[in-house]
Amino acid sequence: MTQRAQEPELDTHGSLLRPPAGAGSRGNAGRRRSALWEFLGMALVASGLCLAVVSPDLRDAVVHTLAATAVELAR
């Protein structure tokens, strides 16, 4: 997940040229988006594990609710 910053190049007069190839493209946005989804997924898993440890009764209720929902969807 290491990302390098890309600085725009300066021309001989000190004004900014266009940014390097790929710096403003959608390819970088896709990487940022997947890093966000990775973070959100890990946060969801971590919070689920914390709930399972802190409140085992809640875990049983969630499993029961998911099973009942799966049965309803299968009909």
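Residues numbered from 1 in each chain as written. Predicted model: local features only at pLDDT ≥ 70, side-chain atom pairs only at ≥ 80, totals over all residues. Heavy atoms only, no water.

1. A word on the overall build of the protein
Consideration 1: When helices and strands are counted, the protein shows two helices and zero strands.
Consideration 2: For the protein, the residues scored as buried account for 1% of the 75 residues in total.
Consideration 3: A total of about 7,000 Å² of accessible surface is found on the protein, and carbon and sulfur atoms cover 64% of it. (Helix = DSSP H or I, 4+ residues; strand = E, 2+ residues; numbered from the N terminus. Buried < 20%, exposed > 50% of the residue type's maximum accessible area, 1.4 Å probe, protein only. Areas by Shrake-Rupley, 256 points an atom, 1.4 Å probe, with all protein chains shown as cover.)

2. Concerning the pattern of salt bridges
Consideration 1: Evaluation of the coordinates by the stated rule reveals one salt bridge.
Consideration 2: Close ionic contact of Arg-75 with Glu-72 constitutes a salt bridge, the shortest N to O distance being 3.7 Å. (Salt bridge = Lys/Arg side-chain N within 4 Å of Asp/Glu carboxyl O.)

3. Remarks on a nonpolar patch on the surface
Consideration 1: On the surface, a cluster of nonpolar side chains totalling about 480 Å² of accessible area is made up of Leu-36, Trp-37, Phe-39 and Leu-40.
Consideration 2: Note that Trp-37 resides in helix H1 (residues 26-54). (Patch = residues over 30% accessible without salt bridge, like charges linked within 9 Å, V, L, I, M, F, W, Y side chains within 5 Å.)

4. Some points on the environment of Leu-51
Consideration 1: You can see Leu-51 is positioned in helix H1.
Consideration 2: If we ignore the near neighbours within four places in the chain, the residues touching Leu-51 are Pro-56 and Leu-58. (Contact = heavy atoms within 4.5 Å.)

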